[in-house]
Every structure is written in structure tokens, then in C-alpha cells.
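The lines below spell out each chain.
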Amino acid sequence: MREDVILSRLLDKYEKSKHLLKPGASNRRVMLRTEKKELPEYNYQDAEIRDAYNEAAKNLEQDGLVFIEWVKDRPVMSSVALNLNHVMQCYRRIHRLHPRELAQKAEGMITEFLQGITTEWIVSWRDQICKDAREGLKVPQFCKHDLTLLAKLLTAFKEYDLLHGEPITMRTFSSQCYHDTKYFEREIRPYFLNVALKYHKELSETVEGEGIGVRDQLAYLGIYARPELYELSGDCKLKSEVGEIDFAASYPYGLGIPSTLVDEIISVDLSKINQIVFIENKTNYDEYLLSELDHGTLAIYHGGFLSPHKKKLFCKIADAITSNTKVYFWADIDLGGFRMFAQLNHIIPCLMPMRMSAADIVLYQKTGLKRSHDYMERVKTSLKQNEFPMFTESIKQILECGVTIEQEAFLS
């Protein structure tokens, strides 16, 4: 046991040294110095512990795996150094894979599992990880010593790719992957999302802009804890194979439809609608229904981000919009709001911002939200890159006033 501890700590240092990638390129020894607590288990003031570790180190030295240096005239090790000529024997001794072996196995496993996948963010992750393994002998931290978790994660990626964008409940997905309805959520979800947040640009931007929670992040990817509910209010009708939903009957309070219904919608009737207003914030949406909604307007609760089902519903609504219909989007006057506008604008080209102007910033700046230096630097970058051309003047005003405006400010 103590021999394993000594070798493990030495190999940890070896893997961080130049010796790993370029054997012989450095004259520096890979060693543990006891005075610097590089072998913290070696408590030389406790005779029993000291003697046990001394004996373990002597056994390793006798086998030609390490070199020991002693404190003069004392039974205390000053350092233990790795014998670089017998590195592979050290790995075998503690049943640990050399980074080269581990990298080759990981790359082979990833390549085999994910051959032929088409999901862009998974492809990007696969290619980067395989490149790191080949060129730098690097593997993800969670599989440094065991590839079991990597295999489980790859199973999730492979099954997700087979969905081809179709939504699925989290427990059904888990069952398909592992024959266990809770295993994905319990063991794999954090690693799955960490990869998605790094390699799925749209998800990363949405999380950065909105700070959405874990379940909403998964919903964005089409994996649902439970069906979403989409709220609309106005004189419109949704038609399916089995009947028709007339939202006029609930005026002005509106109705909510489950995401599971979206695929059944055949058409959307907007013949009595001349204006559509997408409202991101729920409180503002509720207030708008009670104080501003008229019979020619369809109000839609946007809710922060476009999950696959929500996007599909909005696309069906977009198909029913005529050239005479005005369409507006209202959200916080900040990078998140601008980003959500841009996403919806891809679906509805005639979309216009509502209450998100530079004048609105000036009007509500006293209740504005102070932002960090880093955030303001991102605002400056977005202006320089003309990332949100529709909001150029608003972005300039944010920089001048030093604040962003939340939708709730309008309620006062």
C-alpha cells in the first residue's frame, strides 16, 4: 500500500514533467522532497509511520524503481526520486496505465463509438479530444485512471446523435442508454452538459446571457425532465388532426399548451391577428395581458431560450404570419435580450424590437442594473464586431450609462 502511494505520487509528477513527451530532453529528476511536503503521508515525526514508509521506499529501491536520499545521521528520507529507466515497471507495479497507453485506448474507444455521428458539437468534442490524445497524451480529467465513465458518456453521445434533433424525456433517454431510467441524471448528466456547454456555441451563449439552470440546459438540447408549457393569448386557433383550440375563448388570460402537442399541430390560424408580441419575462407577459392586450394582438410568452419544441411551435406560427402582420420582441435590454432577439429573428425575419431602444435605457437608467467590468468589455466587443446591428444605438447607450435594463423596470 505505501509502495503504491510513493509510486503514484512520483508518477503524478512524472506526467507533469518534460520527460513524458520528450524522454531525455531534461536533466531534472522526478522526485518527492519530504521537507516540501511532496509526500504528505510521510510523517517522519511519527516513528511508526516513518519506519513503514522507509521500509516501503527501500523495497522499491531494491527493485530498481527509485533512488533514496537520507537526512545526514538520521533515519529520515530527504527525497525519493523516480528511476526514469524503469518507468513502465512502475506503472505495471501499481496497475496504472502509462499516459500513452491511456491516450491510445481513449482515442480508439472514442473513434469507435462515435464513428459516423453528425451532431456538430459532439463531432467537435470528439475531434479535439482525439487530437489532444495523439499530440499531447491528454485525456479528460474524469478518465485519467479509468475509462469506464468515458464509455458511459460515449453511449449517451451516440444515443443522442441517433435522435436527430427529436426531443425525448430524460428518463426515456436514460433507459435507452443504460436500461436504467435514473442513471443518466445520477451519474452522466454533469459530464454530458460540461461538453455541451464548451462545444455547443448557441447553448453556451444562452447560458452566459440568461444563466439558465441544468434542466433548462438539457431542455435546450431536447432532453426534457417533463413537457414544457407554452403560453399564448389572443384571437388565434391551433388546428390538429382531432380538432381545434380557439384561444379567443380565454381572452385576455390566454392558454398554455404542452410541448408534446406541438408535433400534432397542422396549422395556425392568425386571420384575426394584425400584431404579435413575444414577451420574454413572465411577469411582464402576465401584466401585458391584463393591461395592454387588444383583440388584434397575439401575445406569446417567450421564456428565455428556444428549446427544440418551442422553436418548432414558433416556426409554425411564423408560417402563418402575413406581410400585414407586425411582429415584436420585448426582453431585457442587455446582451441576453439581444441574443434572444437574434435567435428569434432567424425564424421571423420581419421581427422588430419593442421597448428595447436607447431612449428606454435613458428613461429607466436610475433603476438599471450595474454590470461588471468584464460584462461591459463583452458589450464593447459586441459593438466593435457589429454582432447585434439592430441594437447599435442601445449598446452605445448601455456603455454610456453603465447599466442594462431589466423588463421589470417597465412595470413601475
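The rules behind each value
Residues numbered from 1 in each chain as written. Predicted model: local features only at pLDDT ≥ 70, side-chain atom pairs only at ≥ 80, totals over all residues. Heavy atoms only, no water. Helix = DSSP H or I, 4+ residues; strand = E, 2+ residues; numbered from the N terminus. Expected span 1.5 Å × (residues − 1). Buried < 20%, exposed > 50% of the residue type's maximum accessible area, 1.4 Å probe, protein only. Pairing = 2+ DSSP bridges. Contact = heavy atoms within 4.5 Å. Axes fitted to C-alpha atoms, helices over the stretch in contact; angles between N-to-C directions. Parallel < 35°, antiparallel > 145°, perpendicular 65-115°, else oblique. Nonpolar A, V, L, I, M, F, W, Y, C, P; charged D, E, K, R; others polar. Polar contact = N/O pair within 3.5 Å; in protein donor to acceptor, adjacent residues only side chain to side chain. Salt bridge = Lys/Arg side-chain N within 4 Å of Asp/Glu carboxyl O. Core = buried A, V, L, I, M, F, W, Y, C linked by side-chain atoms within 4.5 Å. Arc of directions from axis to C-beta. Phe/Tyr/Trp six-rings, centres within 6.5 Å; stacked < 30°, edge-to-face > 60°. Lys NZ or Arg CZ within 6 Å of the ring centre and 35° of its normal.

Enquirer: Which residues make up helix H12 (residues 308-320), and what are the values?
Expert: End to end, H12 covers 19 Å across 13 residues, agreeing with the expected 18 Å (1.5 Å per residue, within 8%). Turning to H12, its buried residues are His309, Lys310, Leu313, Phe314, Ile317 and Ala318.

Enquirer: Talk me through the sheet that holds strand E11 (residues 275-279); I want residue IDs and the actual numbers.
Expert: The strand order across the open sheet formed by six strands is E9-E6-E12-E11-E13-E14, and the pairing between neighbours is mixed. Strands with a single pairing partner mark the edges of an open sheet, and in this sheet they are strand E9 (255-258) and strand E14 (352-353). The pairing of E11 with strand E13 (residues 326-330) spans five bridges and is classified as parallel. Each residue of the ladder has a partner; that of Gln275, found in E13, is Lys326. Here helix H11 (residues 282-291) sits on the sheet and contacts strand E6 (229-233), E11, strand E12 (297-301) and E13; the angle it forms with E12, its principal contact strand, is near 155°.

Enquirer: Let's hear about the pairing of strand E8 (residues 243-246): which residues, and what values?
Expert: With four bridges joining them, strand E7 (residues 237-240) and E8 adopt antiparallel strand pairing. Bridge assignment links Ser240 to a residue of E8, and that residue is Gly243.

Enquirer: Account for the sheet that holds strand E2 (residues 66-70), naming residues and giving values.
Expert: Read from one edge of the open sheet, three strands run E1-E3-E2, paired in antiparallel fashion. Looking at the sheet topology across the chains shown, the edges are occupied by strand E1 (31-33) and E2. In this sheet, adjacent strand axes meet at a mean angle of 15° when their direction is disregarded. In the packing of helix H1 (residues 2-15) onto the sheet, the strands contacted are E1, E2 and strand E3 (77-82), and the crossing angle to E1 comes to about 115°.

Enquirer: Hey, could you go over unusual backbone geometry for me, with residue numbers and the actual values?
Expert: Cis geometry is adopted by the peptide bond preceding Pro252, which originates at Tyr251 and carries an omega value of 0°. Within the chain, Lys37 stands out as a residue other than glycine whose phi angle is a positive 60°. Position of Lys37 relative to the elements: it lies in the loop between E1 and helix H2 (47-62). Look at His164: it is not a glycine, yet its phi comes out positive at around 50°. Given a relative accessible area of 61%, His164 falls into the exposed group.

Enquirer: Describe the packing of helix H7 (residues 170-178) against helix H8 (residues 183-199), with residues and values.
Expert: With their axes 9 Å apart at the nearest point, H7 and H8 run at an angle of 85° to one another. Taken as axis vectors, H7 and H8 run roughly perpendicular relative to one another. Facing H7, whose interface residues are Met170, Phe173, Ser174 and Tyr178, H8 presents Tyr183, Phe184, Glu185, Ile188 and Arg189. Here the contact of H7 with H8 is composed, by residue class, of six nonpolar, one polar and two charged.

Enquirer: Requested: an account of the side chain of Glu38, with residues and values cited.
Expert: Within the secondary structure, Glu38 is located in the loop between E1 and H2. One polar contact links the side chain of Glu38 to the main-chain amide nitrogen of Arg33, over a distance of 2.7 Å. Sequence-distant contacts of Glu38, that is, excluding residues within four places in its chain, are made with Arg9, Lys13, Met31, Leu32 and Arg33.

Enquirer: How would you explain the pattern of salt bridges if you had to name every residue and give the values?
Expert: This structure, assessed with the given rule, holds 25 salt bridges. Across the pair Arg33 and Glu38 runs a salt bridge whose closest N-O atoms are separated by 2.9 Å. We note a salt bridge from Arg189 to Glu185, for which the minimum N-O separation is 3.5 Å. Remark: Glu185 and Arg189 occur in helix H8; sequence separation between them is four residues, near one turn of the helix.

Enquirer: Report on the nonpolar core, specifying residues and quantitative values.
Expert: Judged by nonpolar contacts, the single largest core of 130 residues is most densely connected at Phe157, Phe192, Ile276 and Phe278. When residues no more than four places from it in sequence are discounted, the contact partners of Phe157 are Leu114, Trp121, Ile122, Trp125, Phe192 and Val195.

Enquirer: Please provide a residue-by-residue account of H7, values included.
Expert: Regarding H7, the residues found buried are Met170, Phe173, Ser174, Cys177 and Tyr178. When H7 is viewed along its axis, its buried side chains cluster within an angular range of 100° and face the same direction. Buried residues belonging to H7 abut helix H6 (148-162), strand E4 (168-169), H8, helix H10 (214-220) and strand E5 (223-224). Two residues or fewer past H7, His179 is found with a positive phi of approximately 55°.

Enquirer: Any details on the environment of Lys131? Residues and values, ideally.
Expert: For Lys131, the position within the fold is in helix H5 (residues 120-136). Spatially, the C-alpha atoms of Lys131 and Glu107 are 8.5 Å apart, while their sequence positions differ by 24 residues.

Enquirer: Help me get a handle on the packing of aromatic side chains, residues and values and all.
Expert: This structure, assessed with the given rule, holds 22 aromatic pairs. Between the aromatic rings of Tyr364 and Phe410, the centroid separation amounts to 4.4 Å while the plane-to-plane angle is 45°, which identifies the pairing as tilted. Separated by 46 residues along the polypeptide, Tyr364 in helix H14 (residues 358-364) and Phe410 in the segment after strand E16 (403-404) bring together distant segments of the chain. Pairwise contacts between aromatic rings join Trp121, Trp125, Phe157, Tyr160, Phe173, Phe184 and Phe192 into one cluster. The cationic tip of Arg2 hangs over the ring face of Tyr53; the distance from NZ or CZ to the ring centre is 5.9 Å. Here Arg355 stacks its cationic end above the ring of Trp330, 4.7 Å away from the centre of that ring.

Structural measurements only, silent on function.
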